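# Structural overview for review
Residue-level listing of the chains:
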Amino acid sequence: MDIINHILGFPRIGAHRELKFAQENYWSGKISKIELLKIGKKLRYKNWKDQSSSGINLISVGDFSWYDHVLTTSMMLGNIPERHRNIDGSIDLDTLFYMARGTALNKSSVLACEMTKWFDTNYHYIVPEFVKNQDFNLSWNQLFDEIDEAINKGYSVKPVILGPMTYLWLGKITGVKFNRLSLLPNLLKVYQKILNKIYEKGIEWIQIDEPILVFDLPSDWMHAFKMTYDILKSDLKLLLTTYFESINHNLNDIVNFPVQGLHIDLTHGKYDLSVLNRKIPHDWVLSLGVINGRNIWKSDLKFWFDVIQNFLKFKRNVWIGSSCSLLHSPVDLRLENNIPLEIKNWFSFALQKCYELNLLTLALNDNDSSILQSWTDLLHSHAKSEMVNNDFVKNQLMNITYNDKKRHSVYSVRSKVQKNTFHFPVLPTTTIGSFPQTDDIRALRLQFKKGKIDFHKYQNEIKKHIQYAIQQQELLDIDVLVHGESERNDMVEYFGEHLAGFIFTNYGWVQSYGSRCVKPPVIVGDVYRKNPITIEWSKYAQSITKKPVKAMLTGPVTILCWSFIREDLPKQIISNQIALALRDEVLDLERAGINIIQIDEPALREGLPLRKIDWKKYLSWATQSFRISSSKVQDTTQIHTHMCYCEFSDIMDAIVQLDADVITIETARSHMDLLEFFKTFEYPNEIGPGVYDIHSPNIPSVDQIVYLLEQAIKYIPINRLWVNPDCGLKTRNWKETISSLKNMMIATKKIRKKFETLTI
Ligand code: GLN
Ligand code: ZN
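Residues numbered from 1 in each chain as written. Chains lettered and ligands numbered in written order. Predicted model: local features only at pLDDT ≥ 70, side-chain atom pairs only at ≥ 80, totals over all residues. Heavy atoms only, no water.

### Observations regarding the overall build of the protein
Where we set the bar: Helical segments are the DSSP runs of H or I of at least four residues, strand segments are the runs of E of at least two, and each set is numbered from the N terminus. Based on C-alpha atoms, the radius of gyration is set beside the globule rule, defined as 2.2 Å times the residue count to the power 0.38. Each residue is assigned to one of three classes by its accessible area relative to the maximum for its type, calculated with a 1.4 Å probe on protein chains only: buried under 20%, partly exposed between the two thresholds, exposed over 50%. We call two residues contacting when some pair of their heavy atoms lies within 4.5 Å. The protein chains shown are the only cover counted for residues, whose accessible areas, like all others here, come from Shrake-Rupley with a 1.4 Å probe.
On a plain count of helices and strands, the protein comes out with 27 helices and 22 strands. Against the compact-globule benchmark of 27 Å for 760 residues, the protein has a radius of gyration of 26 Å, which places it among compact chains. Classification of the 760 residues of the protein by burial places 63% in the buried group. Look at the contacts in the protein between residues 6 or more apart in sequence, and 78% of them connect residues 24 or more apart. For the protein, the computed accessible surface area is about 30,000 Å², with 51% contributed by carbon and sulfur atoms.

What follows is the structure in structure tokens.
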């Protein structure tokens, strides 16, 4: 029997980020809805054509979405929060954007739907909201229209949908608390309709994504899973799809679901294929995810050939595919013309991954692996490359001791020293680091990058931006100033560019959220600092103000998580290499007279393994890495850290272990739900729960901020509380920024006054 191949989804953004620009142009009124829809269609057609011509058998449909696929699912299910709904109940594409961007029907601003990380990736989805007893209705035909489009083009279509259990799990309850499983009957009615409609189109297989099956699910959820699939049983064949981790621990339950196929991720989960064969019903299709959809390295096709060939001995119906959707990998390596060929040969982007799958399929169907040899050889040339190995780095790592991972004194001692050094008022105010990245700044950086202006000119121009940022902060009367990060394109890319071991692509874009894409650096070799990175900018900022300037660095775990990393070293080693490089920078900053240094770790939570049993190990090395970078400073130096998009409660112990003097965290978008947590957990050091949401253009009112601060004071002692926005301000404009920060300062001063009268 010939093997069938498929991918779980293709990147929707376009190789040139066409979707990003189209959406943004639509939002700003530069193009019409018709033009936007046209661009979307063109992208889909191209994606299908590219998959098909590179040899993919089943074409995924339903992987395209405006903004986010969880949001599209909410639209399909008619799960639209009241505040975004049309009066007559109708919805259209604008409804979708309103939910994501926080716009009400009359175009005034309302709370946007929450956004959070998709599993352990750097993709963010829009969180569905559930209220008690709510109904669902099939409300949005995008999927069906796209299936028709693809059928008309003559492709063998495999629609992709997000499964009901994962959809429920990923949402949040608003209003009165209730068991969300109680929504299943209503939800499944709509899913049944969806499946029937798809079946009527002559479709044979549907990919139904239930990635939560990799979690340690509560038993009522496992029961509900079985019940769900009993109800969803239809003539359409269901490929139950899991990814990002192994499902071994839930397999005994899964094999009882009435589905026709199962997809597993062999690149992340550890599986014993003979056990799988024994457990999984023989009439099921087993889809083996062997091409890693989350990294940019070529696959070792020879290795996979052997694995799969072994498995074929069981005479089962096998498909092969990408491990997960290729959403997490860039689109087309062919566009890269700036990386040396030696390095380019190690890589494979989404389109090349399709090609890899085809190659592997051909080899397996011919029972001959010789066509794979040259591919695998290219990948193996990495280990021998001079770019990769550095003995100095290896030695330095071996010599790390316990003392390298701890501050000279404990926080209670340090904090006294620091209070005497800085003399901050109650509720010190600060920002998270970046100030608006204006078109001017971007144009300037581009000119410098293209060699159109020399470093001297560039430096002078950046200094003007720093000067402006410092001036504005002084006018606002903020206590701890920042230089504004105008020299940085991206918080990880910037450091990668200045460290050895990294390389950069021109087109390696992946979607982060909505229209926002990131271009992760690639760690190909041992990492070390070649020269000081940020010192001159921070020194300059400090030289033009009497107020303390906080320096900004990106932490080792975040640099690791937001890069494409080499696959030949454990994450922990790579992270410690980065930490040592950052430590050089921290100590140089201190020497230059910068006494407040923030090391951002927004990705600490996202790096958490999906399975709880793996958490302890990860958190232990991750916190140690942070401490390697931050611990060698004097007691007088105040270390800050910042995190966002976190369910912090899971990792609070680890956050404490970081032993930063101050942590600023995101809370505004989740309405400070987090503060509840501090009722029972006392964070021992200083903390700044973000008092407004910088992700939305809305200006927070003084009253809103006063309210949030009053809440915060209930749970966190005022002498350990800081006031700050919930993240960096680079995506906002100056007008919004100043208005918002003004209100933040007025609110802070109000509370300070109240506090002073209380304590007199
Ligand atoms: N210092 C960074 C900034 O202000 C932090 C960004 C982040 O947390 N994602 O932009
Ligand atoms: Zn942040």
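The structure having been displayed, the exposition proceeds.
### Focus: the site of ligand 1
For clarity, the threshold we go by: We call a residue near a given molecule or strand whenever any one of its heavy atoms falls within 4 Å of it. Whenever a nitrogen or oxygen atom comes within 3.5 Å of another N or O atom, the pair is scored as a polar contact, on the condition that within protein one atom can donate a hydrogen and the other can accept it, and that pairs from neighbouring residues in sequence are kept only if both atoms are in side chains. Whether a set of points on the 1 Å grid over the protein atoms alone is a cavity depends on a 1.4 Å probe fitting there but being unable to get out, while an open set qualifies as a pocket with protein on both sides within 12 Å along at least five of seven lines; lining residues are those with an atom within 4 Å of a point. More than half of a molecule's atoms lying within 2 Å of a cavity's or pocket's grid points is what places that molecule inside it. Three classes are used, and their members are as follows: Ala, Val, Leu, Ile, Met, Phe, Trp, Tyr, Cys and Pro are nonpolar, Asp, Glu, Lys and Arg are charged, and the others, Gly among them, are polar.
Lining the immediate environment of ligand 1, one finds Ile 432, Gly 433, Ser 434, Glu 485, Met 491, Asp 600, Pro 602, His 642, Cys 644, Cys 727 and Gly 728. Within the backbone of Ile 432, one N or O atom sits 3.1 Å away from a nitrogen atom of ligand 1. Contact between ligand 1 and His 642: an oxygen atom at 3.0 Å from a side-chain N or O atom of the residue. Contact with the protein chains removes 91% of the 300 Å² of surface that ligand 1 exposes when unbound. Structurally, ligand 1 is housed in the largest cavity. Along the lines of polarity and charge, the residues of the shell around ligand 1 split into five nonpolar, four polar and two charged.

### Some details on the coordination of the zinc ion (ligand 2)
Stated formally: With water excluded from the atoms, a metal site may look incomplete; its donors are any N, O or S atoms within 2.8 Å, or within 3.2 Å for Na, K and Ca. Here the metal geometry follows the donor angles, with tetrahedral for four donors whose angles all fall between 85 and 135 degrees, square planar for four and octahedral for six when opposite donors are more than 155 degrees apart and every other angle is between 65 and 115, and irregular for all the rest.
Looking at the metal site, the zinc ion (ligand 2) is ligated by His 642 (NE2), Cys 644 (SG) and Cys 727 (SG), spaced 2.0 to 2.4 Å from it. For the zinc ion (ligand 2), the four donor atoms are set out with angles of 88 to 126° between them, so the coordination reads as tetrahedral. Taken in sequence order, the residues that donate to the zinc ion (ligand 2) follow the motif H-x1-C-x82-C. Placement of the pair is His 642 in strand 20 (residues 638-643) and Cys 727 in the loop between helix 26 (702-715) and helix 27 (734-759), with a sequence separation of 85 residues. Just as His 642 is buried, Cys 727 falls in that class too.

### Looking at empty space enclosed by the protein
Convention followed: Grid points are joined across faces, edges and corners, and a volume is the space filled by probe spheres set on the points.
Scanning the model with the defined rule gives four cavities of 30 Å³ or more in all. Its boundaries defined by the atoms lining it, the largest cavity holds a volume of some 530 Å³. Looking at the largest cavity, it is lined by 30 residues, and the ones nearest its centre are Met 491, Arg 516, Trp 562, Cys 727 and Lys 730. Taken together, the elements giving at least two residues each to the lining of the largest cavity come down to strand 15 (510-513) and strand 16 (516-518). A class-by-class count of the residues in the lining of the largest cavity yields 13 nonpolar, nine polar and eight charged. Reported here for the second largest cavity is a volume of approximately 340 Å³.

### What to know about the nonpolar core
Cut-off, in case you're wondering: By nonpolar core is meant a set of buried Ala, Val, Leu, Ile, Met, Phe, Trp, Tyr and Cys residues that side-chain atoms within 4.5 Å join together.
With 128 residues, the main nonpolar core has Trp 118, Leu 262, Leu 288 and Leu 360 as its most contacted residues. Excluding anything up to four places from it in sequence, Trp 118 contacts His 69, Val 70, Tyr 123, His 124, Tyr 125, Leu 162, Leu 170, Pro 211, Tyr 243, Phe 244 and His 328. In this structure, Ile 466, Ala 469, Ile 535 and Ile 597 belong to the second largest nonpolar core, which totals 94 residues.

### Some thoughts on the sheet that holds strand 13 (residues 481-482)
Threshold: Two strands are said to pair when DSSP picks up at least two bridges between them.
Spatial ordering of the open sheet is given by 13-18-19-20-21-22, a layout of six strands whose pairing is parallel. The open sheet has two free edges, formed respectively by strand 13 and strand 22 (686-689), since each of these has just one partner strand. Looking at chain direction, strand 21 (residues 662-665) and strand 22 are connected through four bridges and run parallel. Bridge pairing in strand 22 places Ile 663 opposite Ile 687.

### As for the packing of aromatic side chains
Here the distance between the centres and the angle between the planes together describe a pair of aromatic rings. Let me state the cut-off plainly: Think of it this way: a Phe, Tyr or Trp ring, Trp meaning its six-membered ring, pairs with another when their centres are within 6.5 Å, and the plane angle makes it stacked under 30 degrees, edge-to-face over 60, tilted otherwise.
Taken as a whole and assessed by the stated rule, the structure comprises 34 aromatic pairs. Arranged with centres 4.9 Å apart and planes meeting at 85°, the rings of Trp 118 and Phe 119 form a pair that is edge-to-face. Classification of Trp 118 as buried rests on a relative accessible area of 2%. The class of Phe 119 is buried, set by a relative accessible area of 11%. Judged by centre distance (4.9 Å) and plane angle (70°), the rings of Trp 205 and Trp 319 are edge-to-face. Here Trp 319 lies in strand 12 (residues 318-322) and Trp 205 lies in strand 8 (residues 205-209), a separation of 114 residues in the sequence. Each member of the pair, Trp 205 together with Trp 319, is buried. Taken together, the ring pairs connect Trp 118, Phe 119, Tyr 125, Trp 169, Phe 215, Trp 221, Tyr 243 and Phe 244 into an aromatic cluster.

### Side note on the pairing of strand 14 (residues 499-503)
Of all the five residues making up strand 14, five are buried; the element is thus mostly covered by neighbouring parts of the structure. As judged from the four bridges shared by strand 14 and strand 17 (residues 522-529), these two strands associate in the antiparallel manner. What sits directly across from Ala 500, in strand 17, is Tyr 528.

### Concerning unusual backbone geometry
Not every positive phi belongs to a glycine, and Arg 17 is a case in point at roughly 55°. Within the secondary structure layout, Arg 17 lies in the loop between strand 1 (4-6) and helix 1 (18-27). With phi around 70°, Tyr 67 is a residue other than glycine that occupies positive phi space. Looking at the element boundaries, Tyr 67 is found in the loop between strand 2 (59-61) and helix 3 (69-76).

### Focus: the environment of His 69
Structurally, the position occupied by His 69 is in helix 3. Take His 69: its relative accessible area is 15%, and that puts it in the buried class. Residues His 69 and Gly 269, 200 residues apart in the sequence, show an inter-C-alpha distance of 24 Å.

### Things to note about the sheet that holds strand 12
So the rule is basically this: Axes, fitted as lines to C-alpha atoms, cover a helix only where it is in contact. Angles between the N-to-C directions of the axes lie from 0 to 180 degrees.
Reading across from one edge, 1-12-11-10-9-8-6-2 is the order of the eight strands in this open sheet, with parallel pairing throughout. In the strand order of this sheet, the two ends are held by strand 1 and strand 2, each with one partner. Strand-to-strand, the axes of this sheet are offset by a mean angle of 25°, without reference to chain direction. Bridge count for strand 11 (residues 285-291) against strand 12 is five bridges, and the pairing is parallel. By the bridge assignment for strand 12, Gly 289 is matched with Gly 321.

### Quick word on the environment of Asp 50
Within the element layout of this structure, Asp 50 appears in helix 2 (residues 33-53). A relative accessible area of 17% means that Asp 50 is categorised as buried. Between the C-alpha atom of Asp 50 and that of Tyr 402, which follows or precedes it by 352 residues, the distance is 53 Å.

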